[in-house]
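Here is how the chains run, residue by residue.
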Amino acid sequence: MAMTPGLETLEFDLPSDHGRLATPPHFAPVLVGVVGSGNLEVMIEPAQGTACKVTVETSARGFSPIWTAVVHDFHARHRLAGVQVFIHDMGATPAVVSLRLDQAVAELKEQH
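On a predicted model such as this, the values are computed, not experimentally measured, just so you know.

Things to note about the pattern of salt bridges
The full count for this structure, using the stated rule, is 3 salt bridges. Here Lys53 and Asp13 are joined by a salt bridge, their closest N and O atoms 3.4 Å apart. Of this pair, Lys53 sits in strand S4 (residues 52-58) while Asp13 sits in strand S1 (residues 8-14), and the two are 40 residues apart along the sequence. Connected through shared salt-bridge partners, Asp73, Arg77 and Asp102 make up one network.

What follows is the structure, encoded as C-alpha cells:
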C-alpha cells in the first residue's frame, strides 16, 4: 500500500471528567518545543466546551495507533478540559511527545 506524501492529521475529542477539571478557566496560550527533525511543538489554547480536543499534524504517516495510545495516556494523566491541544510533529518518539505534553501542562499550571 503506497502512502501519500505530506502531513497526516489526526484529531481526538476527549470527554472531560466532570469530577476533576484540571484546566484554569482563563489562560494565555502555551507553546513548548520546536518543529524540527525528530522533535515537535505543542500548543495549548482555551476552547469552548468541556472537552479536550487534540489535533496532531505529523510527517510520520501511518502511526495512528501509537498516537492514539500517547494521547489517551496524556488525557488519563492530566484530565484537561476546555482546551485545544495542537501538536506539530516532525518524527518525534513517543517519549519526546509525552515530555513536550507534560512541559506544556507544567507551563499552563504555572500561570495559576
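Section: the packing of helix H1 (residues 64-78) against helix H2 (residues 94-110)
Between H1 and H2, whose axes approach to 11 Å, the crossing angle comes to 30 degrees. By the criterion of interaxial angle, the relationship of H1 to H2 is roughly parallel. In terms of crossing hand, the pair formed by H1 and H2 is right-handed. Along its contact with H1, which presents Ile66, Trp67, Val70, Phe74, Arg77 and His78, the element H2 presents Pro94, Val97, Ser98, Leu101, Asp102, Val105 and Lys109. Counted by class, the contact of H1 with H2 contains 8 nonpolar, 2 polar and 3 charged residues.

Digging into H2
Counted at 1.5 Å a residue, the expected span for H2 with its 17 residues is 24 Å, and the 24 Å between its end C-alpha atoms agrees. Among all positions in H2, only Val97, Ser98, Arg100, Leu101, Ala104, Val105 and Leu108 are buried. Around the axis of H2, the buried residues are gathered within 165 degrees of arc, so they sit on the same side. In H2, the exposed positions angled more than 90 degrees off the buried face are occupied by Ala95, Lys109 and Glu110.

Some words on the pairing of S4
Burial within S4 is extensive, with 5 of its 7 residues counted as buried. In this sheet, S4 lies alongside S1 in antiparallel orientation, the contact comprising 7 bridges. Pairing of Asp13 across the sheet is with Lys53, part of S4. One ladder, built from 7 bridges, connects S4 with strand S5 (residues 83-89); its direction is parallel. Bridge pairing links Glu57 to His88 in S5. Handedness of the crossover joining S4 and S5 through H1 is recorded here as left-handed.

What counts as what
- Residues numbered from 1 in each chain as written.
- Predicted model: local features only at pLDDT ≥ 70, side-chain atom pairs only at ≥ 80, totals over all residues.
- Heavy atoms only, no water.
- Salt bridge = Lys/Arg side-chain N within 4 Å of Asp/Glu carboxyl O.
- Helix = DSSP H or I, 4+ residues; strand = E, 2+ residues; numbered from the N terminus.
- Axes fitted to C-alpha atoms, helices over the stretch in contact; angles between N-to-C directions.
- Parallel < 35°, antiparallel > 145°, perpendicular 65-115°, else oblique.
- Left-handed = near helix turned anticlockwise from the far one by under 90°.
- Contact = heavy atoms within 4.5 Å.
- Nonpolar A, V, L, I, M, F, W, Y, C, P; charged D, E, K, R; others polar.
- Expected span 1.5 Å × (residues − 1).
- Buried < 20%, exposed > 50% of the residue type's maximum accessible area, 1.4 Å probe, protein only.
- Arc of directions from axis to C-beta.
- Pairing = 2+ DSSP bridges.
- Right-handed = clockwise from strand over helix to strand, strands pointing away.

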